[in-house]
Amino acid sequence: MKKLTILGSTGSIGVSTLEIVADHPDRYRVVALTAGKNLRLLQDQVRRFKPLMVAVVDSADATVLRAALGDQAPEIVSGLEGLVACARHDDADMVVSAIVGAAGLLPTMAAIEAGKDVALANKETLVTAGPLVMAAVEKSGVSLYPVDSEHSAIFQSLKGHRSGDVRRLILTASGGPFRDRSLDDLVAVTPAQALAHPNWEMGRKISIDSATMMNKGLEVIEARWLFDLPGEQIAVHIHPQSIVHSMVEYVDGAVIAQMGIPDMKTPIAYALSYPERLALDLPPLDLCSLGHLSFQKPDLQRFACLGLAYEALEAGGTAPAVLNAANEVAVEAFLNEEISFLAISDVIRCALDRHEPTSLKDIAEVLHSDRWGREEARRIINSKN
Ligand code: NAD
Ligand code: MG
């Protein structure tokens, strides 16, 4: 029986994780759940999965939840301290890190330092603090399993091979809802259009990141740290069907890919059950009905965010934390209709231009750069309006 803490249980990844748990009650038990705002869903989850501890962001929400659950209320905590208490819970064997954004960093680090294995969906943890996180993983001797479908595909494609034989990693990207739009056509796209992803159902922030292709940029940085390869050895191919989830090319020219229908349950389940595979009730991949799979090069003019992520990775140190922070603020501003779709990359570029990257010594420096990036992005947005 594996005992789980799920950070971000009310989100898209959190809900899919709990569906897997519900289908395999003989293998998994929930120890702790955490959520941001969605109290109604959290209440239902508590009644159903009976965790020992629950954390919410606001203390006022903790009071509301306690009252609503009455006799059924577990220990309810709040704030960063509460998230960290869930992440470190003595009874948990594994922590599923599925909070969105840099808010996931500290609880994920706490889990690693407390000796928990981590199933990592929160890519922002590695984007902002990659070298520090990987050093903590090594020091604690824990395992970090990728949940992101591309990284799960690479993890699977690396099995049984020598890391020294890898020539490059090829991340696939659907290209999002605007894959074939011209730059002129992108000027006036709305949040609703940007949220309508063709292949995947995801949270709002990652859906916008997919439309700008910043999601793929963040994933390049995530891959750099997970698989210890420089940016030059990490390529991106647009693959509209989202069937090949990513590939590894070896020095002899062999390319190993992992395929499947686009459903996050497959990579989540693999992270939970590694090295075994869980039986999942998903439709099989039917390549014959699909007929063909296609690939193309990403256009960095239309999807400037992808190029910015490569630049931030190259600049190193604090630059990726600033890239991520400016992106979070710009995405929120786009969703609130304060800025246009194309202005998202302008805001990030401007923040990066004003930043002097320094090397990452500790988490405090990551948090400082994150704060700086947010404030700078806010200033840039205010000056535009
Ligand atoms: P989501 O927005 O659906 O859910 C986010 C969860 O985090 C919710 O439970 C929310 O309440 C909680 N949360 C939000 N802000 C918080 C804060 N400040 N403090 C504490 N909790 C907070 O997001 P998602 O789509 O499930 O994505 C979660 C993470 O997984 C992201 O980092 C994303 O990039 C990554 N990921 C998601 C998918 C996907 O298919 N959804 C795929 C790959 C990777
Ligand atoms: Mg992904």
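Up top you'll find the structure we're talking about.
Inspection of the region around ligand 1 gives 24 residues, with T10, S12, G36, E124 and G203 positioned closest. The backbone of G36 places a nitrogen or oxygen atom 2.7 Å from an oxygen atom of ligand 1. At a separation of 3.4 Å, an oxygen atom of ligand 1 approaches a polar backbone atom of A121. About the coverage of ligand 1: the protein hides 85% of its 830 Å² of free accessible area. Class assignment for the residues of the shell around ligand 1 results in 12 nonpolar, eight polar and four charged.

Looking now at the packing of aromatic side chains. Going through the model one piece at a time under the given rule, you end up with seven aromatic pairs. On the numbers, 5.2 Å between centres and 55° between planes, the contact of F155 with Y274 is tilted. Residue F155 is found in helix α7 (residues 149-158), and its partner Y274 is found in the loop between α12 (265-273) and α13 (287-290); the two are separated by 119 residues along the sequence. A centroid spacing of 5.1 Å and a plane angle of 85° characterise the contact between F178 and F341, whose relative ring orientation is edge-to-face. Note that F178 is positioned in the loop between β8 (166-173) and α8 (183-186) and F341 in the loop between α15 (319-335) and α16 (343-354), a separation of 163 residues in sequence. F341 matches F178 in its accessibility class, with the two residues each being buried. Of note, R224 hangs over the ring of W225, and the distance from its end group to the ring centre comes to 3.9 Å.

This part is about the pattern of salt bridges. Within the structure shown, the criterion is met by 22 salt bridges. Of the charged contacts in the structure, one is a salt bridge between R374 and E328, with a shortest N-O distance of 3.1 Å. Separated by 46 residues along the polypeptide, R374 in helix α17 (residues 363-384) and E328 in helix α15 bring together distant segments of the chain. On the accessibility criterion, R374 (25% relative accessible area) is partly exposed. Of the residues examined, E328 reaches a relative accessible area of 15% and is grouped as buried. The salt bridge partner of E365 is K361, with a shortest N-O separation of 3.3 Å. Take E365: its relative accessible area is 14%, and that puts it in the buried class. In this structure K361 comes out as exposed when scored by relative accessible area, which is 62%. Each of K123, D148, E150, K216 and E219 takes part in a single network of salt bridges with overlapping partners.

What counts, and where the lines are drawn
- Residues numbered from 1 in each chain as written.
- Chains lettered and ligands numbered in written order.
- Predicted model: local features only at pLDDT ≥ 70, side-chain atom pairs only at ≥ 80, totals over all residues.
- Heavy atoms only, no water.
- Near = heavy atom within 4 Å.
- Polar contact = N/O pair within 3.5 Å; in protein donor to acceptor, adjacent residues only side chain to side chain.
- Areas by Shrake-Rupley, 256 points an atom, 1.4 Å probe, with all protein chains shown as cover.
- Nonpolar A, V, L, I, M, F, W, Y, C, P; charged D, E, K, R; others polar.
- Phe/Tyr/Trp six-rings, centres within 6.5 Å; stacked < 30°, edge-to-face > 60°.
- Helix = DSSP H or I, 4+ residues; strand = E, 2+ residues; numbered from the N terminus.
- Buried < 20%, exposed > 50% of the residue type's maximum accessible area, 1.4 Å probe, protein only.
- Lys NZ or Arg CZ within 6 Å of the ring centre and 35° of its normal.
- Salt bridge = Lys/Arg side-chain N within 4 Å of Asp/Glu carboxyl O.

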